[in-house]
Structure formats: C-alpha cells, structure tokens
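# Summary of structural features
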Amino acid sequence: MKRVLTVQDISCVGKCSLTVALPVISAMGVEASVLPTAVLSTHTMFPNCTCKDLTNQIEPITNHWKQSGFTFDAIYTGYLRSAAQIACMSRLFAEFRTETNLIFVDPAMADHGTLYRGFDMAFVGQMAELCAQADVIVPNLTEACLMTGVPYQEHFTKEEICGLLRKTAALGAKTCILTGVSPEEGRTGFAGYDREHGEFCFYSREKLPASYHGTGDLFSSVCVGALARGYTWQDAAALAADFTAECIRRTLRRPPDDPRRGVNFEEAIPYLLNLMQP
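Read on for an overview of the structure. (Residues numbered from 1 in each chain as written. Predicted model: local features only at pLDDT ≥ 70, side-chain atom pairs only at ≥ 80, totals over all residues. Heavy atoms only, no water.)

A few words now on the overall build of the chain. For the chain, the count of helices and strands is 9 helices and 11 strands. Dimensions of the chain, computed from the C-alpha atoms along their principal axes, are close to 50 × 45 × 45 Å. Buried positions account for 50% of the 278 residues belonging to the chain. Across the chain, the fraction of contacts at a sequence separation of at least 24, relative to all contacts at a separation of at least 6, is 68%. Of the roughly 12400 Å² that the chain leaves accessible, carbon and sulfur atoms contribute 51%. One finds the centroid of the 24 positive side-chain charges in the chain at a distance of 3 Å from the centroid of its 30 negative side-chain charges. (Helix = DSSP H or I, 4+ residues; strand = E, 2+ residues; numbered from the N terminus. Buried < 20%, exposed > 50% of the residue type's maximum accessible area, 1.4 Å probe, protein only. Contact = heavy atoms within 4.5 Å. Areas by Shrake-Rupley, 256 points an atom, 1.4 Å probe, with all protein chains shown as cover. Lys, Arg positive; Asp, Glu negative; His and termini not counted. Charge placed at Lys NZ, Arg CZ, Asp CG, Glu CD.)

As structure tokens, this is what we get:
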C-alpha cells in the first residue's frame, strides 16, 4: 500500500485540512500518515477561533521517523501557519526526499484576491520558495498571482492562463495545476502545465451557484491520492475536479447551511470510489 504524509492543521469544526485529507486519502486505498501543524477550534474563517501552534513538535516527530526508518511515497503540505513552519517543511523535504517519491505543495494562503488573515507578502515569498522544491503545486488563481507578481483578476483569457502557468511553474516545480480557472462563462475547473514537456491541460465543468470553504483541500487530497495510485497528473486532477463538483452538488441539495462548514464530502465517497473503477 502506498503511503502519503500530509502536513496540515486540524480544524476541529469546518471541514478542511486534515479532517478532509485523512478520510479522503484513506478511502482511496492509500495510507495517510499525518503531521499536524496546529489544532484550531475552527478554521480561521470563523471569528475568535482558538489555536494551539505545534511548530515545536515538528522536529521531534520527524526525528523519531528518521530514527525508525520511515519513508513516504508522497509528502503533501497544505495550510502552514508561519515562516517557521515553511522552514520546517524545507528540512522535511530534504530529509525524506527519495529518487522516487512525490513532493506535493498546496500553497494554501489566499483566495478571491486577498491573503488569509495573518499572512503578508513576506510569507508569500517564503511559500514561493517552498513551491520551488516541489514536484507538483496546486495554487488557486490568487495564490499564483501573488507568487508571480501578476495582478489578480477574476477572469483570465486562456492565453493569459497559459502565461500565468508558465510564470508559476518557473518558480521550480515540475508541474503546476491552477485551480478555480474559468476561461469560459458558466464553467470552472483547472488548468495545468508540465514544465518538463511544455504541455498544457484545461479541464472544466459547469459552474455551480455556490462557494464553500475547504473545497481546495478536497481537490488537493484527491489529486495526491490519485497520483500515489499511479494516475497521470492530468487524470488525477480531472478526478479531483469531478469529485469536488459532486460534493458541491450534493451539498446544494441539503437545507441551507453556513458555507464555512464545508461540503458533504462524506456521502460522496462512494461516488469517488466508483469513478476510480477501471
């Protein structure tokens, strides 16, 4: 069985980060090992949340893993709280990288044109340096624009997306998958670029009339799980996009709830497994 290490926070309420990554990756038939970076009462979109920072636990945990001879087929980082945690991830990559494993970075720090609370442009630069060490990165439009200095706008043409992908991949990652791309009115999806082969990929679905917190974490978790299972990056991202859309669709069928609570991904797990059938 393949083993993915996912490094993110635990938000006790509000489905995102590890409370999404752990069940989704496990359901895909991939062992999910976890390295919690913090424990929050809720994610940061809720006001007044509590937070226990776990930066001082990262090195002791990873030292124990090294002493025990543990290895991982993929390392997947999501929401990191500080420059200190980014530095910890750089060391973790150096210590656990092998000739065959995958480094996957979701630079979860911004959306809809603005940074998340507590981050600044210095953090953006440090995250860009972390992305340079990855094999695959999955920024959204806002994050890609911030890391490359491209002015953010809600709608880009296909040619502009290709230019943004080239600039983002030039940070150093082999593959860049840009999420939240809407090159056509009424549709949304992803655009990807393989820097080594100069190949682009565009994939879109009907844009649903809702926005929920945590869908980026769903996309990344499915994508890294599929890559661990041997999917191409194009097929892995398409699988992730299809599953995320289905989760939104099922959530819309339910009575209205606070969108910060996330989507009903749990009841869509059978749909994901069915998509994975050969």
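Bringing the nonpolar core into the picture now. A general feature of soluble globular proteins is that nonpolar side chains tend to end up buried together. Counting residues in each nonpolar core, the largest one holds 45 residues, and the members touching the most others are Met 89, Val 105 and Met 127. When sequence neighbours within four positions are dropped, the list of residues in contact with Met 127 reads Leu 80, Ile 86, Val 105, Pro 107, Met 109 and Met 147. Counting residues in hydrophobic clusters, the runner-up holds 43 residues, among them Val 24, Leu 218, Phe 219 and Ala 237. (Core = buried A, V, L, I, M, F, W, Y, C linked by side-chain atoms within 4.5 Å.)

Non-glycine residue Ser 17 carries a positive phi angle of around 50°. Along the polypeptide, Ser 17 turns up in the loop between strand E1 (3-13) and helix H1 (18-27). With phi around 50°, His 112 is a residue other than glycine that occupies positive phi space. Here His 112 is to be found in the loop between strand E6 (110-111) and strand E7 (114-115).

Strand order across the open sheet formed by 9 strands is E3-E2-E1-E4-E5-E8-E9-E10-E11, with mixed pairing between neighbours. The open sheet has two free edges, formed respectively by strand E3 (51-53) and strand E11 (199-206), since each of these has just one partner strand. Pairing analysis gives 9 bridges linking E1 to strand E2 (residues 31-42), with the strands arranged parallel. In the strand pairing of E2, Val 7 is matched with Leu 35. Contacts from helix H7 (residues 215-228) reach E1, strand E4 (74-77), strand E5 (102-105), strand E8 (136-137), strand E9 (175-181) and strand E10 (187-194), with the element oriented near 170° to E5. (Pairing = 2+ DSSP bridges. Axes fitted to C-alpha atoms, helices over the stretch in contact; angles between N-to-C directions.)

In total, this model carries 10 salt bridges according to the counting rule given. A salt bridge links Asp 242 to Arg 205; the nearest nitrogen and oxygen atoms lie 2.8 Å apart. With Asp 242 in helix H8 (residues 233-253) and Arg 205 in strand E11, the pair connects residues that are 37 residues apart, well separated along the chain. On the basis of relative accessible area, Asp 242 is assigned to the buried category, the value being 13%. Taking the relative accessible area as the measure of exposure, Arg 205 reaches 21% and is therefore partly exposed. (Salt bridge = Lys/Arg side-chain N within 4 Å of Asp/Glu carboxyl O.)

Another aspect to go through is the pairing of E10. The side chains of a regular strand alternate, residue by residue, between the two faces of the sheet. Judged by how many residues are buried, E10 sits mostly within the fold: 6 of 8 residues are covered. For E9 and E10, the ladder comprises 6 bridges, and the chain directions are antiparallel. In the strand pairing of E10, Leu 178 is matched with Ala 191.

Tallying each qualifying case throughout the model produces 9 aromatic pairs. Judged by centre distance (5.4 Å) and plane angle (65°), the ring pair of Trp 65 and Phe 72 falls under edge-to-face. Phe 72 matches Trp 65 in its accessibility class, with the two residues each being buried. Between Phe 190 and Tyr 203, the aromatic rings sit 5.6 Å apart at their centres with planes inclined by 20°, giving stacked as the arrangement. (Phe/Tyr/Trp six-rings, centres within 6.5 Å; stacked < 30°, edge-to-face > 60°.)

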